[in-house]
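Secondary and tertiary structure notes
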Amino acid sequence: MPIRTASCSCGGLSAVTAAEPIRISVCHCLACQRRTGSVFGAQARFPAESVTITGSSKQFVRVGDGGSRIIFNFCPTCGATVYYVIEGREEHIAIPIGAFADPTFPGPGFSVYEERMHSWVRMPKDAEHVA
Ligand SMILES: [Zn+2]
Ligand SMILES: [Zn+2]
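Below is a summary of the structure that appears in this document.

Thresholds, definitions, all that
Residues numbered from 1 in each chain as written. Chains lettered and ligands numbered in written order. Predicted model: local features only at pLDDT ≥ 70, side-chain atom pairs only at ≥ 80, totals over all residues. Heavy atoms only, no water. Donors = N, O, S within 2.8 Å, 3.2 Å for Na, K, Ca; no water. Tetrahedral: all angles 85-135°; square planar, octahedral: opposite > 155°, others 65-115°. Helix = DSSP H or I, 4+ residues; strand = E, 2+ residues; numbered from the N terminus. Buried < 20%, exposed > 50% of the residue type's maximum accessible area, 1.4 Å probe, protein only. Phe/Tyr/Trp six-rings, centres within 6.5 Å; stacked < 30°, edge-to-face > 60°. Core = buried A, V, L, I, M, F, W, Y, C linked by side-chain atoms within 4.5 Å. Contact = heavy atoms within 4.5 Å. Pairing = 2+ DSSP bridges. Axes fitted to C-alpha atoms, helices over the stretch in contact; angles between N-to-C directions.

1. Digging into the coordination of the zinc ion (ligand 1)
Protein coordination of the zinc ion (ligand 1) is provided by Cys8 (SG), Cys10 (SG), Cys75 (SG) and Cys78 (SG), with donor distances spanning 2.3 to 2.4 Å. Geometry at the zinc ion (ligand 1) is tetrahedral, judged from its four donor atoms and the angles of 105 to 122 degrees they form at the metal. Coordination of the zinc ion (ligand 1) draws on donor residues from a single chain, spaced C-x1-C-x64-C-x2-C in sequence. Of the two residues, Cys8 sits in the loop between β1 (4-7) and β2 (14-17) while Cys75 sits in the loop between β7 (69-74) and β8 (81-86), which places them 67 residues apart along the sequence. Comparing Cys8 with Cys75, the two get one shared label, buried.

Encoded structure:
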C-alpha cells in the first residue's frame, strides 16, 4: 500500500494515509469555492483506520444542503484544511488532494455540482457527473 503524506502549509498539521483512496471527487459548489479559495474543491476519501493525524487543529463546521454537518480540521497557525469528516460517517476521512502536493495523485472519479462549475474548467471525460 502506498504511504502518502498530506500536510498544511507550515507543516504543523499532517495526515499520513496507508491505503488507496475509496473515492476521489471534485466539488464545484460555492461553499467549496469559498473554503478552498480555489474554483473547486478536490478531495480523496480514505478509511479512517488508514489515516494517522499528527498536530493540533481547529474545527469549522459547515452544514450541507441536506442538513449534514461537515467538520473541517484546519491548522491553527497557517489555516490550511488537512482533513474533514461528515458527522455520523466517521469511518471515512476526506483529505483535500492539494494537501498531498503530489501531481501523480490519481484523478477524480466524480464531479459534483457542475451547475456551479466555472466556464473554463474541464473535467476528465471518464468522471461521473453527480448533480
Ligand atoms: Zn499549518
Ligand atoms: Zn462542495
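So, next bit.
2. Remarks on the coordination of the zinc ion (ligand 2)
Note on metal sites: the ideal angle is 109.5 degrees for four tetrahedral donors, and 90 or 180 degrees for six octahedral donors. Protein ligation of the zinc ion (ligand 2) involves Cys27 (SG), Cys29 (SG) and Cys32 (SG), the donor distances falling in the range 2.1 to 2.3 Å. All donor residues of the zinc ion (ligand 2) come from one chain, and their arrangement in sequence is C-x1-C-x2-C. Side by side, Cys27 and Cys32 carry an identical accessibility label, which is buried.

3. Re the packing of aromatic side chains
Under the definition given, this model contains three aromatic pairs. Relative to Tyr84, the ring of Phe72 has its centre 4.7 Å away and its plane inclined at 50 degrees; by these criteria the two rings are tilted. Placement of Phe72 in strand β7 and of Tyr84 in strand β8 is noted, with a sequence separation of twelve residues between them. In this pair, the class of Phe72 matches that of Tyr84, namely buried. Ring centres of Phe100 and Phe105 lie 4.9 Å apart, and the angle between their planes is 20 degrees; on these two criteria the pair is classed as stacked. Per residue, the accessibility class of Phe100 equals that of Phe105, and both read buried. What links up through ring pairs into an aromatic cluster is the set Phe46, Phe100 and Phe105.

4. Focus on the nonpolar core
Grouped together as the largest cluster of nonpolar side chains are 19 residues, with contacts concentrated most on Phe46, Ile95 and Phe105. Residue assignment for this core shows that the elements contributing at least two residues are β4 (41-47), β8 and β9 (92-96). Counting residues per element, this core draws most heavily on β8, which supplies three residues. Excluding anything up to four places from it in sequence, Ile95 contacts Ala6, Ala15, Thr17, Ala42, Gln43, Ala44, Phe46, Val51, Val82, Tyr83 and Phe100.

5. Side note on the sheet that holds β1
A sheet is described by the order of its strands in space; here three strands give the open sequence β1-β2-β5, paired in antiparallel fashion. At either margin of the open sheet sits one strand with a lone partner, and together these are β1 and β5 (51-54). The sheet shows a mean angle of 20 degrees between the axes of neighbouring strands, taken without regard to direction.

6. So, the environment of Phe100
Inspection of the secondary structure puts Phe100 in the loop between β9 and β10 (110-112). Look at Phe100 and you get buried, because its relative accessible area is 7%. A C-alpha to C-alpha distance of 9.1 Å links Phe100 and Ala15, two positions 85 residues apart in sequence. Ignoring sequence-local partners within four residues, the contact set of Phe100 consists of Arg4, Thr5, Ala6, Thr17, Phe46, Ile95 and Phe105.

7. A few points about unusual backbone geometry
The phi angle at Ala101 is positive, at roughly 45 degrees, despite the residue not being glycine. Relative to the helices and strands, Ala101 resides in the loop between β9 and β10. Backbone geometry places Tyr113, a non-glycine residue, at a positive phi of 65 degrees. Along the chain, Tyr113 falls in the loop between β10 and β11 (128-130). On the basis of relative accessible area, Tyr113 is assigned to the partly exposed category, the value being 22%.

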